[in-house]
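One letter stands for each residue in the lines below.
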Amino acid sequence: MSLQLRIVHTTGFEYDGKAVASYNQARLTPLTTPEQIVVYSRLEVAPKPWTYEYRDYFGTLVTSFEVVDPHESMRVIATSTVHTTRPRTPAPVLTWTDLTKHGVADRWTEYLVLPETVEPPADFAQRVKQIAADSPLPGQAARLVCALVNDEVEYLPGSTDVQSHAAVAWQQRAGVCQDMVHLVIGGLRSVGIPARYVSGYFHPRTEPVVGESVRGDSHAWVEWWDEGWHPFDPTNDEEPGDRYVVVATGRDYRDVKPLSGIYSGAATSSMFVEVEITRLA
């Protein structure tokens, strides 16, 4: 089924004293793609900032903004309405030999590197290597790697933070969606499968009720290349459907941070994030 979803993502900052200036980048506007159409989007910041919009290297819409008046708090509210219609992902077609050819290995080289953020620990990498050896096609191996992570890593909020590496989540067998995606990405890249990080939202109800607003969260899943990007959510062990909304893609979390920046003046700050999702149709 197709869905129309309204997403309200609110981020608030409270400063210990006055912040003299704040400079930020927001990746909070969903993408328009063949699978989803953004019919409305608005980004509101208080105090009122100077803003500038651009597309980054990966195609994500970025809003840069700066607040240069002294302020004790800041609110960033991103409101979007998105119509989603996601077809089933096609069956895998690329072979292991295809992955080594110019059209894949060179074209998607940035999705094959292994920085420390996603680098798989040795025992995990060995298990992925065995999965690859036993799988006739890379696409089949990719699904099995997702299943491995879902089976062995417990979703446990607070067990890691945004700076944690994939290896930490594997060693403690606990993490959040970001960690699970980083693990899958590192595993797939280690056997030559281009893989990228996807950030966005998903409606937590299996059958969303029209007009009902529910609490949501920023979410993450993975895509691998197989004559097109094939999505899968290792946290929920499912293929993303119409309940999912894509905001940004990149090599790992560092490329898709919803909000990042610096401020001066105050010594410390606290932050809260709230996401509300409503099915409109």
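Data block above holds the structure.
Residues numbered from 1 in each chain as written. Predicted model: local features only at pLDDT ≥ 70, side-chain atom pairs only at ≥ 80, totals over all residues. Heavy atoms only, no water.

Novice: I'm lost on helix H2 (residues 122–134) in this one. Help?
Specialist: Each α-helix winds once per 3.6 residues, and so residues spaced three or four apart point in a common direction. Under the 1.5 Å per step criterion, the end-to-end length of H2 is 19 Å for 13 residues, consistent within 8% with the ideal 18 Å. By the burial criterion, the buried members of H2 are Phe124, Val128, Ile131 and Ala132. Down the axis of H2, the buried set is contained in an arc of 100°. They therefore lie on one face. Of the residues in H2, the exposed ones pointing more than 90 degrees away from the buried face are Ala122, Lys129, Ala133 and Asp134. Buried residues in H2 make contact with helix H3 (138–152), helix H4 (166–172) and helix H5 (177–190). (Helix = DSSP H or I, 4+ residues; strand = E, 2+ residues; numbered from the N terminus. Expected span 1.5 Å × (residues − 1). Buried < 20%, exposed > 50% of the residue type's maximum accessible area, 1.4 Å probe, protein only. Arc of directions from axis to C-beta. Contact = heavy atoms within 4.5 Å.)

Novice: Where do I start with the sheet that holds strand S15 (residues 269–279) in this structure?
Specialist: Strand pairing in a sheet relies on backbone hydrogen bonds, with the paired strands running either antiparallel or parallel. With antiparallel pairing, 5 strands are arranged side by side in an open sheet as S3-S6-S1-S15-S10. Edge positions in the open sheet fall to strand S3 (36–46) and strand S10 (213–216), since each of these has one partner strand only. When the angles between neighbouring strand axes are averaged without regard to direction, this sheet yields 20°. (Pairing = 2+ DSSP bridges. Axes fitted to C-alpha atoms, helices over the stretch in contact; angles between N-to-C directions.)

Novice: Just to check I follow, could you spell out the packing of aromatic side chains for this structure?
Specialist: Each aromatic ring pair is described using two quantities: the centre-to-centre distance and the angle formed by the ring planes. Under the defined criterion, the tally for this structure stands at 14 aromatic pairs. Each ring, one from Tyr52 and one from Tyr54, has its centre 6.1 Å from the other, and the planes form 25°; the classification is stacked. Overall, the relative accessible area of 47% leaves Tyr52 in the partly exposed class. Assessed through its relative accessible area of 25%, Tyr54 is described here as partly exposed. (Phe/Tyr/Trp six-rings, centres within 6.5 Å; stacked < 30°, edge-to-face > 60°.)

Novice: So what exactly am I meant to see when it comes to the packing of H2 against H3 here?
Specialist: When two helices pack together, their arrangement is given by the angle between the helix axes and the distance between those axes. Look at H2 against H3: their axes get within 9 Å of each other, and the N-to-C directions meet at 140°. Crossing of H2 over H3 shows right-handed handedness. On the side of H2, the interface is formed by Phe124, Arg127, Val128, Ile131 and Ala132, while H3 contributes Ala141, Leu144, Val145, Leu148, Val149 and Glu152. (Left-handed = near helix turned anticlockwise from the far one by under 90°.)

Novice: Can you walk me through the pairing of strand S2 (residues 21–26) in this structure?
Specialist: Here S2 pairs with strand S14 (residues 259–264) via 6 bridges, running antiparallel. Looking at the pairing, Asn24 lines up with Gly261 of S14. Here 5 bridges tie S2 to strand S5 (residues 61–67), and the two strands are oriented antiparallel to one another. Within S5, the residue paired with Gln25 across the bridge is Ser64.

Novice: When you look at the sheet that holds strand S11 (residues 218–225) in this model, what are you seeing that I'm missing?
Specialist: Across the sheet, which stays open at both edges, the 4 strands sit in the order S12-S11-S9-S13 with antiparallel pairing between neighbours. Edge positions in the open sheet fall to strand S12 (229–232) and strand S13 (244–250), since each of these has one partner strand only. Between one strand axis and the next, the sheet turns by 35° as a mean value, whatever way the strands run. Relative to S13, strand S9 (residues 195–202) runs antiparallel, the two being bridged by 6 bridges. Paired with Tyr197 across the two strands is Gly250, which belongs to S13. Across the face of the sheet, H3 comes into contact with S11 and S12 while running at roughly 155° to S11.

Novice: Explain unusual backbone geometry here, please?
Specialist: Working note: non-glycine residues mostly have negative phi, and peptide bonds are mostly trans. Put simply, Ala46 and Pro47 share a cis peptide bond, and its omega is 5°. Note that Pro47 resides in the loop between S3 and strand S4 (50–55). In this structure, Arg173 takes a positive phi of about 55° despite not being glycine. When you line up the elements, Arg173 lands in the loop between H4 and strand S8 (174–175).

Novice: Sorry if this is basic, but what is going on with the layout of surface pockets here?
Specialist: Picture a little ball the size of a water molecule; that probe, rolled over the atoms, points out where space is still empty. Each pocket or cavity is described by its volume, and for the largest pocket that value is around 1,300 Å³. Val162, Ser218, Tyr253, Pro258 and Val273 are the residues nearest the centre of the largest pocket, which is lined by 48 residues in total. For the lining of the largest pocket, the residue count by class is 24 nonpolar, 18 polar and 6 charged. Surrounding the second largest pocket, 23 residues form its lining, Thr33, Glu35, Arg86, Glu223 and Trp229 being those nearest its centre. Top element by residues in the lining of the second largest pocket is S12. It accounts for 3 residues. Among the residues making up the lining of the second largest pocket, the classes are represented as 10 nonpolar, 7 polar and 6 charged. (1 Å grid on protein atoms, 1.4 Å probe; cavity = no way out; pocket = protein on both sides within 12 Å on 5 of 7 lines; lining within 4 Å. Points joined across faces, edges and corners; volume = space filled by probe spheres on them. Nonpolar A, V, L, I, M, F, W, Y, C, P; charged D, E, K, R; others polar.)

Novice: Just checking my understanding: could you explain the pattern of salt bridges for this structure?
Specialist: Pairing is possible between side chains that carry opposite charge, provided their charged atoms lie close to one another. The final tally for this structure, using the stated rule, is 14 salt bridges. As a salt-bridge pair, Arg42 and Glu44 come within 3.8 Å of each other at their nearest N and O atoms. Between Asp252 and Arg254 there is a salt bridge, with the nearest N and O atoms lying 2.9 Å from each other. For Arg254, a relative accessible area of 49% gives the class partly exposed. (Salt bridge = Lys/Arg side-chain N within 4 Å of Asp/Glu carboxyl O.)

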